[in-house]
Amino acid sequence: KTSLMIDAFRITSSYATSGTDSEDFLTANWAQVNSDGFGTASGQGTGMTQSSGVFTFPTTGVYRVTFHTMGYGGNGVDNRYVGAAIFSTLNNSSYDIASLTYGSVTETLNDNTFTNMHVTHIFDCTDTTTHKVKFQVRSSHVITFSGASVANYTYATFERISDT
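Residues numbered from 1 in each chain as written. Predicted model: local features only at pLDDT ≥ 70, side-chain atom pairs only at ≥ 80, totals over all residues. Heavy atoms only, no water.

1. Remarks on the overall build of the protein chain
Across its full length, the protein chain holds 0 helices and 14 strands. Going from the N terminus to the C terminus, the protein chain shows its helices and strands as β-β-β-β-β-β-β-β-β-β-β-β-β-β. For the protein chain, the residues scored as buried account for 46% of the 164 residues in total. A total of about 7,600 Å² of accessible surface is found on the protein chain, and carbon and sulfur atoms cover 45% of it. (Helix = DSSP H or I, 4+ residues; strand = E, 2+ residues; numbered from the N terminus. Buried < 20%, exposed > 50% of the residue type's maximum accessible area, 1.4 Å probe, protein only. Areas by Shrake-Rupley, 256 points an atom, 1.4 Å probe, with all protein chains shown as cover.)

Next comes the structure, spelled out in structure tokens:
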């Protein structure tokens, strides 16, 4: 029988991308979800851990990793693209794009316009010291990705779905 593990983390403060053609890793303000009846399931002890936006798995296994973003633009600037990506490493050093999606934000009235993106990656963690993931946001112009400590706006979920 496979021991399950379910966990979720969210950014607790909104994050604005750095500018034109940004590709920014979310390295700060991650916190484990702990409100609104959220429950973790961990048949293997602890859940996920993270340091500077790098997530470490508690045990080997096949995981479904999901990254969801909610972002908005303003000031009458069109964002040709807004992206969300999951990066993974097998050697705790070099990271590759595992999953990537793009959307856009069109500004027509100088009001904030929202976009949501959702990416998933099935990741086989065979070594918890070297197999890790992190998350990146992208944009053609400044866009703000929403964060909060009381609700999931920009967040990641981790589900251990089978043994490796």
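Right, picking up where we left off after that structure.
2. Description of the pattern of salt bridges
Counting across every chain of the model gives 3 salt bridges. We note a salt bridge from Arg64 to Glu159, for which the minimum N-O separation is 3.0 Å. With Arg64 in strand β8 (residues 61-73) and Glu159 in strand β14 (residues 155-162), the pair connects residues that are 95 residues apart, well separated along the chain. What makes Arg64 partly exposed here is its relative accessible area of 30%. The residue Asp163 makes a salt bridge to Arg160 at a minimum N-O spacing of 2.9 Å. Classification of Asp163 by relative accessible area gives partly exposed; the value is 42%. (Salt bridge = Lys/Arg side-chain N within 4 Å of Asp/Glu carboxyl O.)

3. Concerning a nonpolar patch on the surface
A surface patch of nonpolar side chains, amounting to about 260 Å² of accessible area, comprises Ile97, Leu100 and Tyr102. Tracing the sequence through the fold places Ile97 in strand β10 (residues 96-105). (Patch = residues over 30% accessible without salt bridge, like charges linked within 9 Å, V, L, I, M, F, W, Y side chains within 5 Å.)

4. Re the nonpolar core
In terms of nonpolar packing, the biggest core is built from 26 residues, with Trp30, Phe57, Val65, Phe67, Val133, Phe135 and Phe158 touching the most fellow members. Contributions of two or more residues to this core are made by β1 (5-11), β8, β9 (79-89), β11 (113-125), β12 (132-139) and β14. For this core, the element with the most residues is β11, which contributes 4 residues. (Core = buried A, V, L, I, M, F, W, Y, C linked by side-chain atoms within 4.5 Å.)

5. Details of the confidence of the model for the protein chain
Chain-level statistics for the protein chain give a pLDDT mean of 89 and a share of 86% at 70 or above. Ranking the helices and strands of the protein chain by mean pLDDT puts strand β7 (residues 54-56) first, with 98, and strand β5 (residues 41-42) last, with 56. (pLDDT = per-residue confidence, 0-100.)

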